[in-house]
Amino acid sequence: MTTNGNGNGNGNGGNGNGGNGKRSLPQAGSDPVANLPAIEGFPASEKVYVERDGLRVPVRRIHLDGGEPPFDVYDTSGPQGIDPHHGLPKLRKPWIDARLAAEPGGSRGNRSQMHYARRGIVTPEMQFVAIRENVTGEFVRDEIARGRAILPANINHPETEPMIIGRNFLVKINANIGNSAVTSTIGEEVDKLRWAVKWGADTVMDLSTGKLIHETREWIVRNSPVPIGTVPIYQCLEKAGGDPEKLSIEMFLDTLIEQAEQGVDYFTIHAGVRLAYIPYTANRLTGIVSRGGSIMAKWCLAHHKENFLYTEFERICEVMKQYDVAFSLGDGLRPGSTADANDRAQLAELETLGELTEIAWKHDVQTMIEGPGHVGMHKIKENVELQLKICKEAPFYTLGPLVTDIAPGYDHITSAIGAAMIGWFGTAMLCYVTPKEHLGLPDRDDVKAGVIAYKIAAHAADLAKGHPGAQDRDNALSKARFEFRWQDQFHLSLDPDTAKDFHDETLPAPAAKGAHFCSMCGPKFCSMKITEEVREMAKAQAAQAIDVEAGLAAKAAEFREGGQKIYAGGDDPH
Ligand code: SF4
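Okay, so let's go over this structure. Computed from a predicted model, the values in this text were never measured in an experiment.

Definitions and cut-offs
Residues numbered from 1 in each chain as written. Predicted model: local features only at pLDDT ≥ 70, side-chain atom pairs only at ≥ 80, totals over all residues. Heavy atoms only, no water. Buried < 20%, exposed > 50% of the residue type's maximum accessible area, 1.4 Å probe, protein only. Helix = DSSP H or I, 4+ residues; strand = E, 2+ residues; numbered from the N terminus. Pairing = 2+ DSSP bridges. Right-handed = clockwise from strand over helix to strand, strands pointing away. Salt bridge = Lys/Arg side-chain N within 4 Å of Asp/Glu carboxyl O. Contact = heavy atoms within 4.5 Å. Axes fitted to C-alpha atoms, helices over the stretch in contact; angles between N-to-C directions. Parallel < 35°, antiparallel > 145°, perpendicular 65-115°, else oblique. Left-handed = near helix turned anticlockwise from the far one by under 90°. Nonpolar A, V, L, I, M, F, W, Y, C, P; charged D, E, K, R; others polar.

### Remarks on the pairing of strand 12 (residues 367-371)
When you tally the buried positions in strand 12, you get five out of five residues, the bulk of the element. Both strand 11 (residues 326-329) and strand 12 contribute to a ladder of three bridges, which runs parallel. Residue pairing for strand 12: L329 is matched across the bridge by I369. Following the chain from strand 11 across helix 12 (residues 344-362) to the adjacent parallel strand 12, one finds a crossover that is right-handed. Read as a crossover between parallel neighbours, the route from strand 12 over helix 13 (residues 380-390) to strand 13 (residues 396-399) is right-handed.

Shown next, in the form of C-alpha cells:
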C-alpha cells in the first residue's frame, strides 16, 4: 500500500533535539542557514510512502505519459520542506526509546543493530530496509548478523531513514562534504548535504577540518535523512593544536564520544596503519595520501610506538557499541597513484583490517572496510577478492578507484569507471570523487557531478550483478526513448534537468517533444524513426502475405466445392 507524501516523512515532529532529547541546533550570531537555496523536486514526480508492517517507506513516484504505469524509484532525499533550524522529524525515536527502555536499569547495553541481529531480533530499522530493498526482514537480519552488511544507525541520529550497505543489496554511494581551513561555511555545507541527498547520495561524510567543526556537524546531522560518517582524527588534530605528535588515545576517545553523542553513524578509523608498515611506503611514487593515514604515521614515527588506534582498539569498540556507531576501517596506506596500487603497504594494512574486523565483531560492532584509491583496471578484481577473503566478507567501501592518474578536472569520470567495475565485483558502497579531486574543495556543482557519476557506476554494477529489478528502469527509459516520449525519457533519467536542457538547446519548441527525431541525426537519418517505418512496412507486408494466403485458401475451397474441375464450365480439352 502507498500513500502520498506531504514532504513530512512521519508523524514525529522535529524539535531540533538529538536522540537524547537534550540538544538543540547551535545558533550562531548570524543565522548560518538564512539564505539556503530552495531544493527543487524532480519533475513529474511525487514522494509517496509504501505502508507495510506499520512502517512508511519513501519512494519517488515518476508519472509517465502514453498510458504507461507510474514508475517508483529508491528515494534518499528525506522529508521535504523542513526548516533546517528545526532539523528533520525523528522517525526512529520511538523504536530507539523502546529498546533503551527494555535495558536493565542503569546499564548501558550494546545498542548495535548487529547485536540485535545476532539475538534473532528483526528491528524496525531492519524491516524498513527490507521494504526498501524488496527482501524479507529475516534476510536483512541474517546479513547483518553474519557481518556481510551494516545498517549504520547511531541511537542519537533518529532522523535517519534506515539504509543498508552490503553486497547482496543495491550498491550504495557516499558523498563527501565538509569545510576546510581555506573555504566554506555552515550554510554551504548544509546546502551541499541537501543537494547530495536529492541526487541520490545514500550516506554523507562530513570531512570538515576548518573552523566550527562541532557546530557544522550538528547542523549536518540534524538535517540529514541519511547516515553521516566522519573521520574523528581530524577534529582530534584540531584539539592537539594541529600537531600529530600531541595526539593521544584519551583525546581520541573523548572526540569519539563527542561525535557519537551528536549522532555520527560511522567513523573512519585508521587503526591499520601499523608502525612496521610505514617503511613499505618509502619507495612509493606518491607516499601516504590518506590524511588520516599520514597523521597516524607521523605519530607512530615521532614516538616510535605502535599506532594507539590499533593497540587500544577494544576500548574504541566499547564506545562504538554503546551508540551503534559502525566502523569504517580506514585504508590509511591506500595507493595515491596507479603505480602504487596493490603494493606491499596496501596489502599489509588490509591484513590488519581483517584482524580488526574480527575484534569488532567480537563486540558486535558493525564494520565495513575502506579500499583504494588509484588502481588500474587490471588490478581491481584482485582488490575485491583479497578483501572478501581477508575481511571475511565485511562490506567493502572504496574511493573510486581512479583507473588512471592523467585527468585532473575529470576524476569523477576516471574514478566512476573503476567504481562501476569494483561494484560489479562486490564492493558494497562507492565513495564518490568529484571533478575537483586533487584540485580544490568541491562546490555545489561538483557535488552534483560526483553524485550523478556514482549513481551511474552503482546502477551499472547492479545491472551487471543481475540485481532483481535493476533492469526495469533501463527498460522503462529505453521504451520511452524508442516511442519518442521525450518527457518520459527526461523524467526517468538520473538528471532530468540536464537531459531536458540538452534537448532544448536545439529543439526548444513544445512541438519538438512529440517529434520522431532530435537534432543529433535529424528527421531523415533518425534510426529509431527509420526502424519504426521498417516495422510498419514489415507489418503491412505480413498483413499482405496473410491476405494472399487467405485468398489462396478461399480459392482452394471453391475448387474443392466445384468438383475439383480444372476448367470451369467444361471438360478437360485433352
Ligand atoms: S535523431 Fe538520432 S539521436 Fe535523435 S532520437 Fe533519432 S536516432 Fe536518436
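### Regarding the pattern of salt bridges
Taken as a whole and assessed by the stated rule, the structure comprises 46 salt bridges. E103 is the partner of R111 in a salt bridge, and the nearest nitrogen-oxygen pair spans 2.7 Å. Given the relative accessible area of 16%, E103 is considered buried. Through salt bridges that share partners, E68, K479, E483, R485 and D488 make up one connected network.

### Some remarks on the side chain of T216
Following the sequence through the fold, T216 ends up in helix 6 (residues 213-222). Using a relative accessible area of 1% as the deciding quantity, one classes T216 as buried. For T216, the contacting residues outside a window of four places in its chain are N179, I186, E189, S208 and K211.

### Observations concerning the packing of helix 5 (residues 186-199) against helix 15 (residues 444-464)
Direction vectors running N to C along helix 5 and helix 15 enclose 25°, while the axes themselves pass 9 Å from each other. In this view, helix 5 runs roughly parallel relative to helix 15, as classed from their interaxial angle. Crossing handedness for the pair helix 5 and helix 15: right-handed. Residues D191, K192, W195, A196 and W199 of helix 5 form the contact with helix 15, whose own contacting residues are R444, V447, K448, V451, I452 and K455. In terms of residue class, the contact of helix 5 with helix 15 is built from six nonpolar, no polar and five charged.

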